[in-house]
Amino acid sequence: MHSLSLLAFIVASVSAPHSDGPATDMTPVYRCDFGEASDANYDTWPDGWTRRTGRDYPAYVKIEIVKDDADASPCLAIQLDGGAATAYSPPIPVSSQFNYVLEARMKAVGLKHDFACISLTFYDRDRNPIGETVYCEGVRNVREWIDVQIDVTTPVDDRVCLAVIGVHIRPETGHDLVGSAAFDELRLTRLPKMQLDATAESNLFRSRDDVNIRCSVSGISQQNSRLQLELFDVAGTRLQVQLLDVAGERIDNTLPLEETIGSHPGIAQDAPDAFSGSVTWKPEIPDYGFYRIQACLVGHENALLCRETSVAVLRPLDRSPVGKFGWSLTGGDDFLSLEQLSELLPRVGVNWVKFPIWNREVAGKWPERFTRFCERLEREHVTLVAVVDQPPHDVRKRFPVDGDLPAATVFLEGDQWPDALDPVVARHSLRIRWWQLGADGDTSFVGLPELPKRMAEIQTKMQRYGQIVRLGFACGWNDDCQSENPPWSFLARQDRDRLSAEELQASVKARAGDVAEDWITIRPLTAKDHTVEERAKDLVQRLVAAYTGGADRIFFDAPFDVEEGLFDGEGNPRELLLVWRTVTQLLSGSEYLGSIELPQGSRNHVFARDGAAIMLLWNDATAQETLYLGENVEQVDLWGRSQPAPTSDGRQSISVGAMPVFLFGLDEQIARWRIDFAFAEQPLESVFGRRQTSSFRFRNSLATPVTGTVRVVGPSVWQIEPEETEFQLQESAELNTQFAVFLGADASSGPQPVRFDFHLVGDKTYDFSVYRTVRVGLGDVEISLETHLTDDGLLEVKQLFTNNTDQEVSFNCTLYAPKRPRERILVTRRGRGEWPDTIFLTNGDELIGKKLWLRAEEVNGARILNYTFTARP
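Moving on, we get to the nonpolar core. Core analysis: the largest hydrophobic core is formed by 94 residues, its most contacted members being Trp327, Leu384, Phe411, Trp435, Phe445 and Met462. With sequence-adjacent residues up to four places away left out, methionine 462 is seen in contact with Trp417, Leu421, Val425, Trp435, Leu437, Val469 and Leu471. Counting 46 residues, the second largest nonpolar core, distinct from the first, contains Val61, Leu120, Cys136 and Ile169.

Okay, structure coming up:
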């Protein structure tokens with residue numbers, strides 16, 4: 001890739017308008033084309049280069065400068081004869097104040113087990129490597145020259161002052177006896193560097209007033225530049241933009257260690273002036289929630305460099321010490337230190353954490369730090385589950401198995417594990433009571449013969465120090481791992497198939513009552529295939545499904561996963577972190593009460609905690625739910641942004657849509673009254689003018705005796721007797737009562753709303769309604785209707801008549817449309833099954849949005865079915 005394509009890469013990464021001017025901030029620091037200047041003594045070896053030698057890197061493998069067969073230009077070629085091969089450039093002076101891009105041309109032939117690549121490694125002044133070596137994507141069989149690149153690489157340590165380029169043929173699955181690779185046009189280029197930092201650990205803030213952003217830029221060619229900083233909310237809406245001036249200071253361009261690295265061909269000796277500077281920005285954060293901040297360096301009408309970070313402002317939420325929710329940390333402390341992790345977990349709704357400790361702890365990597373880590377978690381009511389996964393090297397080397405060892409192999413096929421695990425158990429069994437054998441996806445114990453007996457033997461050996469050890473292992477989602485009296489305490493089930501919320505709830509409920517606890521591990525939808533809103537909604541619904549289904553523990557799988565986790569690769573929060581935290585901290589320690597039937601049919605779950613109720617609700621369509629829920633109800637979205645629920649005439653009016661929202665501050669007593677309210681489920685016959693009876697039952701859920709009235713309100717064409725009933729109830733007492741219904745001749749069929757208006761006088765006065773639905777019609781004969789506007793302007797009304805009985809029926813159907821003549825359909829002697837009919841109405845566009853009425857009168861019978869519906873295009 002040449003400089004022009006590199007410039008395109010940089011400019012394409014930003015959104016600001018730009019011109020096609022030159023990229024003056026790009027400076028080559030090393031270039032090698034393996035020509036005459038690279039081989040002054042004509043020994044076919046590039047001057048200043050070295051090669052790696054050792055057991056797997058035999059010296060007889062040819063690495064030399066040759067002429068390319070295609071165009072006779074020189075290149076560095078590696079010709080395999082068994083083993084691997086690597087050549088290194090001379091040390092190149094670099095600085096931590098710049099970013100770097102490494103480019104090259106390469107090709108490879110005949111590689112099967114090896115691959116060819118280039119690499120970049122940074123070093124300090126004592127030639128100690130800083131950070132990990134970065135490699136490009138490997139190449140195996142590419143006969144024509146291709147451009148390869150190691151994208152923008154940022155030195156992360158101020159000690160960095162040297163860089164070394166490597167060209168390799170590296171083994172992957174073995175060694176090739178033959179094969180070759182060639183390299184040419186190596187080019188290391190420095191670029192400006194920008195760093196965007198927030199002032200809080202993991203960019204998590206307690207207050208919006210605390211958010212401060214520091215943007216540092218270095219390696220820029222202009223002393224005075226401008227930064228454009230922008231603030232975006234979780235939906236991507238830009239909330240604020242500000243331009244700030246950067247007054248730069250000159251960077252010392254003196255080549256480091258000149259006297260020790262010598263002068264080698266290709267190393268740039270003179271570099272243009274470069275400058276560095278920084279600004280601090282305090283964005284105007286409007287509320288709790290998730291925000292993205294983007295900074296772009298602007299110069300010569302080009303956005304030369306952009307950086308982005310994210311911050312989360314955490315809404316204060318009471319955290320229960322007895323929550324069910326946790327994280328499964330498959331990478332241990334690879335991402336955060338133990339100290340950082342112990343600070344983070346209590347802040348983000350975590351009460352349980354799975355943590356792999358065996359090979360790390362025994363190796364002595366952090367025994368004292370880990371002990372302090374356990375103590376801190378214990379104080380913060382975070383229960384640690386020790387994952388005994390991959391054993392230390394002394395045990396591992398005795399098993400002739402490539403890759404990770406299955407836990408069953410370690411514990412059931414060898415006798416070395418007790419001596420290796422004993423130090424861990426002895427040191428930590430006072431604080432760690434839960435031990436998982438194998439990682440979440442390791443189901444190697446499933447289906448083994450005499451598993452309860454063999455697991456009991458493992459438990460006995462682990463309990464030799466007198467402490468209770470509660471064992472568990474991974475079990476497939478559909479595997480039967482239960483036993484009558486199992487020695488294991490829990491089964492870890494990983495939802496790899498990402499069951500829907502309904503499937504997950506049903507699966508968890510099906511195992512309710514099993515002796516061993518069910519621990520569910522959930523992964524979110526993939527970020528590359530789904531929007532943030534889709535992922536958030538799905539995660540919430542599946543977390544709640546597992547909770548309401550009765551799962552004993554619910555874990556988020558791999559929260560630091562770069563692709564699907566709760567943090568990005570730089571440790572900044574992602575959108576789902578606040579979704580996870582909001583759900584887990586609101587639900588932890590709560591009692592699931594059930595669902596409430598709402599006037600507009602919005603789906604919901606209600607939980608009780610600390611004397612108040614919490615509701616999660618959503619609706620596939622946009623709806624406005626208006627009812628009394630409590631005195632001080634607050635509406636909170638999944639990211640913690642809140643607002644008081646709007647009220648009118650003493651009732652809340654909640655806008656509901658596809659994204660779930662929380663309502664908290666609900667009156668728990670009234671919520672329980674609504675959920676406990678039982679309405680007779682039997683349908684009313686579609687016979688009009690005849691007395692029919694129904695009944696309902698309710699319980700006094702208030703903490704005091706009450707007196708009151710309940711009024712039954714049905715559709716206006718119903719006559720209800722009695723409309724109102726007076727009652728007195730002691731605490732927890734129940735009332736069962738009946739009422740009569742007379743249907744009017746134009747009463748609609750199908751599901752019909754019934755409202756029960758309560759007026760209670762107890763410790764105070766309560767006025768609220770309970771909503772239920774009753775079906776008019778026995779379901780033996782049903783009619784469904786839908787409309788469609790045709791291309792020629794007719795309104796097509798499709799009527800589907802369904803007879804669910806074995807008797808033939810006949811109905812005279814009349815369709816009423818506003819200001820139109822009646823249309824009739826005679827349904828004659830229709831037996832069991834579905835019978836479609838169609839009516840076309842002229843000037844259909846005039847009827848869109850209007851109410852239509854279908855009346856079906858039974859021929860030689862008493863039934864009359866009425867349906868009202870809205871014309872849709």
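Here the bond from glutamate 721 into proline 722 is cis, since omega is -10°, no more than 30 degrees from zero. Here proline 722 shows up in the loop between strand S42 (718-721) and strand S43 (724-729). You will see that threonine 44, though not glycine, has its phi angle at about 60°, which is positive. Structurally, threonine 44 can be placed in the loop between strand S1 (27-32) and strand S2 (50-51). Accessibility expressed as a relative area gives 33% for threonine 44, which makes it partly exposed. Unusually for a residue other than glycine, aspartate 610 sits at a positive phi of about 55°. Mapped onto the fold, aspartate 610 is located in the loop between strand S31 (603-609) and strand S32 (612-618). By relative accessible area, which is 68% here, aspartate 610 ends up exposed.

To continue, consider the state of the cysteines. Per the stated rule, a full pass over the model turns up 2 disulfides. For cysteine 296, the disulfide goes to cysteine 306, at an S-S distance of 1.9 Å. Residues cysteine 296 and cysteine 306 are joined through a disulfide that is right-handed, its torsion about the S-S bond being 105°. Of the two residues, cysteine 296 sits in strand S20 (residues 289-299) while cysteine 306 sits in strand S21 (residues 302-313), which places them 10 residues apart along the sequence. Comparing cysteine 296 with cysteine 306, the two get one shared label, buried. Through a disulfide, cysteine 475 is tied to cysteine 481; the S-S separation comes to 1.9 Å. Its S-S torsion of approximately 85° makes the covalent link between cysteine 475 and cysteine 481 right-handed. This pair shows no difference in class: cysteine 475 is buried, exactly as cysteine 481 is. Ordinal numbering of bonded cysteines along the chain defines a disulfide pattern of 1-2, 3-4. Note on cysteine 215: no disulfide assigned, nearest cysteine sulfur contributed by cysteine 296 at a separation of 9.4 Å.

Next up on the list: the pairing of strand S17 (residues 238-247). Summarising the sheet, strand S16 (residues 224-233) and S17 pair through 9 bridges and their orientation is antiparallel. Each bridged residue has a counterpart across the sheet, and for serine 225 the counterpart in S17 is valine 246. Count of turn residues in the S16/S17 antiparallel hairpin: 4 residues, of which glycine 236 carries a positive phi of about 90°.

Considering all chains together, one arrives at 48 salt bridges under this definition. As a salt-bridge pair, arginine 238 and glutamate 230 come within 2.6 Å of each other at their nearest N and O atoms. Residue glutamate 230 is classed as buried on the basis of its relative accessible area of 4%. The salt bridge involving arginine 699 is made with glutamate 734; its shortest N-O contact spans 2.6 Å. With a gap of 35 residues between them, arginine 699 in strand S40 (residues 691-699) and glutamate 734 in strand S44 (residues 734-743) connect regions that are remote in the sequence. A residue is classified by how much of its surface remains accessible, and arginine 699, at 30% relative accessible area, is partly exposed. Each member of the salt-bridge network shares a partner with another, and the members are Arg31, Asp33, Glu103, Glu185 and Arg187.

The next point concerns the sheet that holds strand S18 (residues 249-250). Spatially, 4 strands are ordered S13-S15-S19-S18 in an open sheet, and the strand pairing comes out antiparallel. In the strand order of this sheet, the two ends are held by strand S13 (193-198) and S18, each with one partner. Sheet topology note: the strand S15 (residues 213-220)/strand S19 (residues 275-281) ladder contains 7 bridges and is antiparallel. Looking at S19, one finds that isoleucine 220 is bridged to phenylalanine 275.

This paragraph deals with the confidence of the model for the chain. On average, residues of the chain score 89 in pLDDT, and 94% of them reach the 70 mark or higher. Note that residues 1-23 has pLDDT below 50 and, in this model, 37 contacts with residues that lie over four places away or in other chains.

As a further point, take helix H13 (residues 668-676). Residues of H13 that are buried include every one of Glu668, Ile670, Ala671, Trp673, Arg674 and Ile675, and no others. Two or three places before glutamine 669, at the start of H13, stands the capping residue aspartate 667, its side-chain oxygen 3.0 Å from that residue's backbone nitrogen.

Thresholds, definitions, all that
Residues numbered from 1 in each chain as written. Predicted model: local features only at pLDDT ≥ 70, side-chain atom pairs only at ≥ 80, totals over all residues. Heavy atoms only, no water. Core = buried A, V, L, I, M, F, W, Y, C linked by side-chain atoms within 4.5 Å. Buried < 20%, exposed > 50% of the residue type's maximum accessible area, 1.4 Å probe, protein only. Contact = heavy atoms within 4.5 Å. Helix = DSSP H or I, 4+ residues; strand = E, 2+ residues; numbered from the N terminus. Disulfide = S-S within 2.5 Å. Pairing = 2+ DSSP bridges. Salt bridge = Lys/Arg side-chain N within 4 Å of Asp/Glu carboxyl O. pLDDT = per-residue confidence, 0-100. Polar contact = N/O pair within 3.5 Å; in protein donor to acceptor, adjacent residues only side chain to side chain.

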